[in-house]
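# What the coordinates show
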Protein chains: 2
Amino acid sequence: MQIPEIDEVTIARLRKAGLRPTRRRRELAHLLFSSCKEAVTAEGLHSFAQRNGVKVSLATVYGTLHSFCDAGMVREVSIDSGRYFDINPDNHQYFYFEDERRLVGVTEAETGLKVMPPLPEGRRISRVDVVVRLRRD
Amino acid sequence: MQIPEIDEVTIARLRKAGLRPTRRRRELAHLLFSSCKEAVTAEGLHSFAQRNGVKVSLATVYGTLHSFCDAGMVREVSIDSGRYFDINPDNHQYFYFEDERRLVGVTEAETGLKVMPPLPEGRRISRVDVVVRLRRD
DNA sequence: GTGTTTGCAAAGTGTTTGCAATTTA
DNA sequence: TAAATTGCAAACACTTTGCAAACAC
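Each helix and strand counted, chain A has 5 helices and 5 strands in total. Helices (α) and strands (β) of chain A occur, in sequence order from the N terminus, as α-α-α-α-β-β-β-β-α-β. In chain A, the share of contacts with a sequence separation of at least 24, taken over all contacts with a separation of at least 6, comes to 43%. Of the accessible surface of chain A, which amounts to about 7400 Å², a share of 49% is contributed by carbon and sulfur atoms.

The relation between two aromatic rings is expressed through the spacing of the ring centres and the mutual angle of the planes. Taken as a whole and assessed by the stated rule, the structure comprises 2 aromatic pairs over all chains. Here the aromatic rings of A:Tyr84 and A:Tyr96 are separated by 6.2 Å at their centres, their planes lie at 75°, and the arrangement is edge-to-face. Separated by 12 residues along the polypeptide, A:Tyr84 in strand β2 (residues 82-86) and A:Tyr96 in strand β3 (residues 93-97) bring together distant segments of the chain. With relative accessibility at 7%, the residue A:Tyr84 sits in the buried group. Judged by relative accessible area, which is 1%, A:Tyr96 ranks as buried. The ring of B:Phe33 has B:Arg13 lying over it, and the distance from NZ or CZ to the ring centre is 3.9 Å. The lysine or arginine in question, B:Arg102, covers the ring of B:Phe97, its NZ or CZ lying 4.5 Å from the ring centre.

Here we come to the protein's contact with DNA strand D. Close to DNA strand D lie 16 residues, the nearest being A:Tyr62, A:His66, B:Thr22, B:Arg24 and B:Arg25. The sugar and phosphate moieties of DNA strand D supply 80% of its atoms located within 4 Å of the protein. The side chain of B:Arg20 places a nitrogen or oxygen atom 3.3 Å from a sugar or linking oxygen of DNA strand D. Between DNA strand D and the protein, one listed contact pairs a phosphate oxygen with a backbone N or O atom of B:Ser57 at 3.3 Å. With 4 residues, the top contributor of residues to the surface near DNA strand D is helix α4 (residues 58-70) of chain A. For the surface near DNA strand D, the class distribution of residues is 5 nonpolar, 5 polar and 6 charged.

The immediate surroundings of DNA strand C are formed by 17 residues, with A:Thr22, A:Arg24, A:Arg25, B:Tyr62 and B:His66 found nearest. The sugar-phosphate share of atoms of DNA strand C within 4 Å of the protein amounts to 79%. One nitrogen or oxygen atom from the side chain of A:Arg25 is found 3.1 Å from a phosphate oxygen belonging to DNA strand C. Within the backbone of A:Ser57, one N or O atom sits 3.3 Å away from a phosphate oxygen of DNA strand C. Of all the secondary structure elements, the ones that give two or more residues to the surface near DNA strand C are α2 (23-35) and α4 of chain A together with α4 (58-70) of chain B. With 4 residues, the single largest contributor to the surface near DNA strand C is α4(B). In terms of residue class, the surface near DNA strand C is made up of 5 nonpolar, 5 polar and 7 charged.

Further remarks concern the relation of the copies chain A and chain B. If you rotate chain A by 180° and push it 0.0 Å along the axis, it lands on chain B with an RMSD of 0.1 Å. Both copies of the chain, as the preceding transformation shows, are related through a two-fold rotation axis.

The next thing to look at is the sheet that holds strand β4 (residues 102-106) of chain A. The strand order β4(A)-β3(A)-β5(A)-β5(B)-β3(B)-β4(B) describes an open sheet built from 6 strands, whose pairing is mixed. Strand pairing shows two members of the sheet lacking a second neighbour, β4 of chain A together with β4 (102-106) of chain B, which therefore form its edges. Strand after strand, the sheet turns through a mean of 25° between neighbouring axes, direction not considered. Two elements, β3(A) and strand β5 (residues 123-136) of chain A, share 5 bridges in a ladder whose sense is parallel. Considered in β5(A), the bridge of A:Gln93 is made with A:Val130.

A regular strand places its side chains so that they alternate between the two faces of the sheet. All names here are of chain A. The buried count for strand β1 (residues 75-79) comes to 4 of 5 residues, which makes it a mostly enclosed element. In this structure, β1 lies alongside β2, joined through 5 bridges in antiparallel fashion. Residue pairing for β2: Arg 75 is matched across the bridge by Asp 86. From the end of β1 to the start of β2, which pair antiparallel, there are 2 residues, and Asp 80 there has a positive phi angle of about 50°.

Before going further, it helps to spend a moment on the domain arrangement of chain A. All names here are of chain A. Assigned domains within chain A: domain 1 (8-82) and domain 2 (90-134). For domain 1 versus domain 2, the separation of C-alpha centres amounts to 22 Å. On the domain 2 side, the residues contacting the 7 residues of domain 1 number 12 residues. For the pair domain 1 and domain 2, the summed buried area comes to about 880 Å², and 49% of that belongs to carbon and sulfur atoms. Together, Glu 38, Arg 75 and Ile 79 form the three largest contributors to the area buried by domain 1 at its contact with domain 2, with a combined 62%. In this assembly, domain 1 and domain 2 are joined by 2 salt bridges. Salt-bridge contacts for Asp 80 lead to Arg 133; the nearest nitrogen and oxygen are separated by 3.0 Å. Joining domain 1 to domain 2, the criterion identifies 4 residue pairs in polar contact (both at pLDDT 80 or more).

Thresholds applied
- Residues numbered from 1 in each chain as written.
- Chains lettered and ligands numbered in written order.
- Predicted model: local features only at pLDDT ≥ 70, side-chain atom pairs only at ≥ 80, totals over all residues.
- Heavy atoms only, no water.
- Helix = DSSP H or I, 4+ residues; strand = E, 2+ residues; numbered from the N terminus.
- Contact = heavy atoms within 4.5 Å.
- Areas by Shrake-Rupley, 256 points an atom, 1.4 Å probe, with all protein chains shown as cover.
- Phe/Tyr/Trp six-rings, centres within 6.5 Å; stacked < 30°, edge-to-face > 60°.
- Buried < 20%, exposed > 50% of the residue type's maximum accessible area, 1.4 Å probe, protein only.
- Lys NZ or Arg CZ within 6 Å of the ring centre and 35° of its normal.
- Near = heavy atom within 4 Å.
- Polar contact = N/O pair within 3.5 Å; in protein donor to acceptor, adjacent residues only side chain to side chain.
- Nonpolar A, V, L, I, M, F, W, Y, C, P; charged D, E, K, R; others polar.
- Least-squares fit on C-alpha atoms with pLDDT ≥ 70 in both.
- Pairing = 2+ DSSP bridges.
- Axes fitted to C-alpha atoms, helices over the stretch in contact; angles between N-to-C directions.
- Domains from an automatic or database assignment.
- Buried area = accessible area lost by both parts, 1.4 Å probe.
- Salt bridge = Lys/Arg side-chain N within 4 Å of Asp/Glu carboxyl O.

Have a look at this one:
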């Protein structure tokens, strides 16, 4: 966890989100944003951290992920009772590879899908999640 | 739980799904299909059963709901780490009332929404879930 | 210096397992 | 009667809490 210039990017990202760039946040944000193409679970990020020499307990990973989530840096998606954190909070549509339990965000442009159903009275959309669950042919 | 003619409907429904119409299944299926307009949680069905004089443990409710699910009678949907069972397995689209944690199925016709994204190779759609999350105005 | 964050053990929550007793066909 | 199902306590997996120590500003 000593890659100065990348760290600057990470620090800027944290500050922009209104979070103090503490050591843990820098380490985890760096791992998350520089190496994760797809959504991770807390457990997944934890073991990824271990493998990269970042010693941190699972509880701390949870706490840190939640702070990222509250700050709008990541987006939480719940599939089959598993909780994934997507590094792109603008994703609203996903491919879920059922056999591998892998969740990959896709943009609205990629699916050509616009969701705008008629709403119940007195309510507005908080968010719309589309999960396309895939299995092998 | 002694409404003979409705019970016949429930028994038929269970048989059609390939399940033995045992007492528990009849009781829970009857409660579920005759009184639930929206998706329930295991906990919700359990307390609904208690209130209706059906004494059954939560673990049994879980087991029974899973047997219904495996038989295609209900559909499981996961939101914010909560697990809901929708009595209409053909629903694929939902309104989720965030403040009340209430999940209501809507048909494709009601949203006018058809999902058909381009798929990764070697994969086919298992199912597509759309969850429109609502908050108060 | 002060308010924020960390760290992790322990507690909490929701779900599943195991298996003897019961029920169904 | 043989196979399926029940019932629920105990086990389990995942997540959150609590709070003293460390840190950022």
